[in-house]
Amino acid sequence: MKTYMLDKVLDTGTTYTAESDKAYIIRKVGTTSTSKATLEVAGADCLEILDEIARTHPTTYYLYDLLDLGDYYVVVPPDKKFGFSGSSGSKMRIVGEILELGPGEALPSPYMGRYAEQARKYMSYLRGTYSHGTDTAWTAGDENNVLSKTAEAGTKYYVVGPVYAKLANLSAVHSPGDWTLRFYLQGAPWDILSTNMGDLGVDLWKCYWNDGTNYYYKPFKPTNLPPEIEPGRSFVVSMINSSGASKSPSSGTSLTATVTVGVVVELL
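Residues numbered from 1 in each chain as written. Predicted model: local features only at pLDDT ≥ 70, side-chain atom pairs only at ≥ 80, totals over all residues. Heavy atoms only, no water.

J.: Give a description of the pairing of strand E5 (residues 44–49) that names residues and reports values.
T.: Direction of pairing for strand E4 (residues 37–41) relative to E5: antiparallel, over a ladder of 5 bridges. Residue pairing in the sheet places Leu39 in a bridge with Leu47 of E5. Hairpin geometry of E4 and E5 is characterised by an intervening segment of 2 residues between the two adjacent antiparallel strands and by a positive phi of about 50° at Ala42. (Pairing = 2+ DSSP bridges. Helix = DSSP H or I, 4+ residues; strand = E, 2+ residues; numbered from the N terminus.)

Below is the structure:
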């Protein structure tokens, strides 16, 4: 077996077919799709991403890169068809290895094992938004849920990140410590309980920052978050005005929060 570098860009809505002696091992992905981008192999969905957490390359204002799939990489065996669906005209970049098999050589068993698993345990994301109301100030200490998810029957979620978050239409410059994210599992905060130890939640500055004129976005990988959301259990991400002062939107707009969290979906 020979191994070559894989680094290719796919077009949405196009069906590709692996050669009879070659397999793809896709370890990192990114997309330009602003809506859900779903990668399909042999008719089965095995990956869901969005440009907010998995981009094809860094840009001036988006300082992050491809999403590393880790243990949840995607396998395209020889002769199998694959492709992705996403927003109109979007692309998906796939990076990993090309395996060239010799005559009579089979794909190694670890890869076949992952291929058998990938349609029921794969990378995805949860996303939520919250709008505070046109020309409505967000008062100091006010906490509002941005993302809420209750795991469906027969489905388990693993919170692995990254976490992308932003607050749009703020009239003033966003400063460190002004806004925080708080994570809950089944109503219990994954955090301190009292402000005697500091602000509640994680500083939104971890997700984006500005130089007084421009905004720069970079998701972060969570640590010590609830590892599993079992069927019937809830996961919530809220945003808090931790600045100590009321914050207003630009005239005629609403303060709008967005949170996107990378997860592994397991179909039980």
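Past the structure itself, the notes keep going.
J.: Run through the pattern of salt bridges, naming residues and quoting values.
T.: Per the stated rule, a full pass over the model turns up 13 salt bridges. The residue Asp7 makes a salt bridge to Arg93 at a minimum N-O spacing of 2.9 Å. Of this pair, Asp7 sits in strand E1 (residues 2–11) while Arg93 sits in strand E9 (residues 91–100); the two residues are 86 residues apart in sequence, bridging distant segments of the chain. Asp7 gets classed as partly exposed once you look at its relative accessible area, which sits at 37%. A salt bridge links Lys156 to Glu228; its shortest N-O distance comes to 3.6 Å. Of the two residues, Lys156 sits in strand E12 (residues 155–168) while Glu228 sits in the loop between strand E17 (215–217) and strand E18 (234–241), which places them 72 residues apart along the sequence. (Salt bridge = Lys/Arg side-chain N within 4 Å of Asp/Glu carboxyl O. Buried < 20%, exposed > 50% of the residue type's maximum accessible area, 1.4 Å probe, protein only.)

J.: Would you mind going over the layout of surface pockets in detail, with residue names and values included?
T.: Each pocket or cavity is described by its volume, and for the largest pocket that value is around 180 Å³. Lining the largest pocket we find 14 residues, and of these Ser124, Tyr125, Leu126, Lys149 and Tyr157 sit closest to its centre. The greatest single-element share of the lining of the largest pocket, amounting to 5 residues, is contributed by strand E10 (residues 121–134). Here the lining of the largest pocket is built from residues that sort into 7 nonpolar, 2 polar and 5 charged. The calculated volume of the second largest pocket comes to roughly 150 Å³. (1 Å grid on protein atoms, 1.4 Å probe; cavity = no way out; pocket = protein on both sides within 12 Å on 5 of 7 lines; lining within 4 Å. Points joined across faces, edges and corners; volume = space filled by probe spheres on them. Nonpolar A, V, L, I, M, F, W, Y, C, P; charged D, E, K, R; others polar.)

J.: Help me get a handle on the sheet that holds E4, residues and values and all.
T.: Across the sheet, which stays open at both edges, the 4 strands sit in the order E2-E8-E4-E5 with antiparallel pairing between neighbours. Strands with a single pairing partner mark the edges of an open sheet, and in this sheet they are strand E2 (16–17) and E5.

J.: Hey, could you go over the pairing of E9 for me, with residue numbers and the actual values?
T.: Burial of E9 is extensive: 8 of the 10 residues sit out of reach of the surface. With 10 bridges joining them, E1 and E9 adopt antiparallel strand pairing. Paired with Met5 across the bridge in E9 is Glu97. Relative to E9, strand E3 (residues 22–31) runs antiparallel, the two being bridged by 9 bridges. Residue Val29 lies in a different strand from E9, and its bridge partner there is Ile94.

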